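Structural overview
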Amino acid sequence: MMMLQDGATQLLCLTASSGVPLFTRGASKQLPFSVIGSLNGVHMFGAGQGVVLTCCETEGGGKVVWRVFQDSVMLIAVSGGGHGGVGSSKEEEVRLQRLLENVWGCMVLVLGLDELVNLRNVERLKRDLRSCFSLIDELLEDRQEGVLGNLTHCADSLLPPNPTVLQEAVDGFAQAADSEFGCLVVHGRIAAATEKWWRLAPQEVVLLSALIRSLSVSGSASCDYPIFLPQGSPTVAHRLLRFQLLPGADVCVLCGPTPSLHGAETRLVGRFWSPLVETLRDCLAVGERCLLGSVSLRPDVLALLLINHETRRAVSCVRTSTYHYDAPLLSKARCWELLKLFYIFSTSRYFIQGETLCVSPEEKAQRGNTEDFPLGFSHQPQQCYLVTDECKSYGLQTPQHQLFLLILPSVPTFALRTLATQTLSDIVAATGF
């Protein structure tokens, strides 16, 4: 089969019953129609024989992953491979499966479940699906470095200098807008949100954050966008009102018919947020670090991802200024890539993936174990590490947290555990995260 170039991923969407192509996204070099037909045909042949085909690997090192949603839409992800790193075959399969889950959630978020399940007019659905393309492209391209929620299904968060003040403002703004769902997004990450916002399904929080980032790129100061909640309200639309407070800072609410966009913009935005301009600037100054300046990290820590399972939140950062004379200088992009690969490596082989705490028993059974290692062991691994030429990686799991670190290769392997436990303790003590 003709493969894509290394690192490229193409997404195919077809009707599950007849295999009619609905759209293709990603990769500059499109797969021929004959290849698309073959990919659909082999899946349909397997289904006719009582076999569910979910994944295969090509001779060129590429991956093909299939998933049918609601017996209505089939999504196929084709990867040229070449992402490199740890256990690339398994990690690539996990990445593509998560991509398909998120793309389906995106389609429901924008169009609603009824539109996708009741395929009355395929040509009309093709046109309607165009409204999903910008969000799907963001999922495919991972446009913003440091946003890992598409993979972890935890909300990418930023820890602001004045959390109490911002929390009160978000709560008051949402209440004044007749809503219980509101959040403040800074640099694409959630800085504060109402209690009900955090109670949304983890995937919904992640997809809403991605949508808000996508809308912010459009350059509009405000917008009124109809959305469906893939799990909470897949058939009844809500309104997402988004307002830019400062470049890089947006406040959003989910609401019903009222208030109007103009009314909320003129009566509420200035009332709640004008007094907090300096506070917002301090929040923006935290930037990609996501952690307060009071949090001191060891100089040999290249990057970190910290997940809080109870709140379904995550903070992550890459420290590009860190350099050691006997270690190669890793680019920021490469650090983010290695951090993602190590997360998948750890959670697909040893740790409990965070989202398994939130999915239904049926979905857990469908996914099954991604690695044979946990079978036959009565305990759950709490720590793991990996040594490569580029860096050393260490994962630490507690009942409440998961911490993933990239560390300079010059650090002795025996010292990794102490470094990781101390880093977790320092961050939690300083921030309460």
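The paragraphs below set out a description of the structure included in this document. (Residues numbered from 1 in each chain as written. Predicted model: local features only at pLDDT ≥ 70, side-chain atom pairs only at ≥ 80, totals over all residues. Heavy atoms only, no water.)

Some remarks on the sheet that holds strand S3 (residues 55-57)
Spatially, 5 strands are ordered S2-S1-S5-S4-S3 in an open sheet, and the strand pairing comes out antiparallel. Here the strands that pair on one side only, and so sit at the sheet edges, are strand S2 (21-25) and S3. Across the sheet, the mean angle from the axis of one strand to that of its neighbour is 15 degrees, orientation sign disregarded. Bridge count for strand S1 (residues 9-15) against S2 is 4 bridges, and the pairing is antiparallel. Paired with Cys13 across the two strands is Phe23, which belongs to S2. (Pairing = 2+ DSSP bridges. Helix = DSSP H or I, 4+ residues; strand = E, 2+ residues; numbered from the N terminus. Axes fitted to C-alpha atoms, helices over the stretch in contact; angles between N-to-C directions.)

Some thoughts on the state of the cysteines
According to the stated counting rule, one finds 0 disulfides in the structure shown. Just so you know, Cys106 is unpaired, no disulfide at all, and the nearest cysteine sulfur is the one on Cys132, 4.9 Å from it. A relative accessible area of 0% means that Cys106 is categorised as buried. (Disulfide = S-S within 2.5 Å. Buried < 20%, exposed > 50% of the residue type's maximum accessible area, 1.4 Å probe, protein only.)

Focus: the pattern of salt bridges
For the coordinates displayed, the defined rule picks out 17 salt bridges. Arg124 is paired through a salt bridge with Asp128; the nearest N and O atoms lie 3.7 Å apart. Of this pair, Arg124 and Asp128 both sit in helix H4 (residues 122-129), separated by 4 residues, roughly a single helical turn. The class of Arg124 is partly exposed, set by a relative accessible area of 47%. Given a relative accessible area of 24%, Asp128 falls into the partly exposed group. Between Arg298 and Asp300 there is a salt bridge, with its nearest N and O atoms 3.0 Å apart. (Salt bridge = Lys/Arg side-chain N within 4 Å of Asp/Glu carboxyl O.)

With respect to the packing of helix H5 (residues 133-141) against helix H9 (residues 202-217)
When two helices pack together, their arrangement is given by the angle between the helix axes and the distance between those axes. For the pair H5 and H9, the least separation of the axes is 10 Å and the interaxial angle reads 110 degrees. Comparing their axes, H9 and H5 come out roughly perpendicular. With respect to the hand of their crossing, H5 and H9 are arranged in right-handed fashion. Where H5 abuts H9, its residues Ser134, Leu135 and Glu138 lie against Ala210, Leu211, Arg213 and Ser214. Across the contact of H5 with H9, the residue classes tally to 3 nonpolar, 2 polar and 2 charged. (Parallel < 35°, antiparallel > 145°, perpendicular 65-115°, else oblique. Left-handed = near helix turned anticlockwise from the far one by under 90°. Contact = heavy atoms within 4.5 Å. Nonpolar A, V, L, I, M, F, W, Y, C, P; charged D, E, K, R; others polar.)

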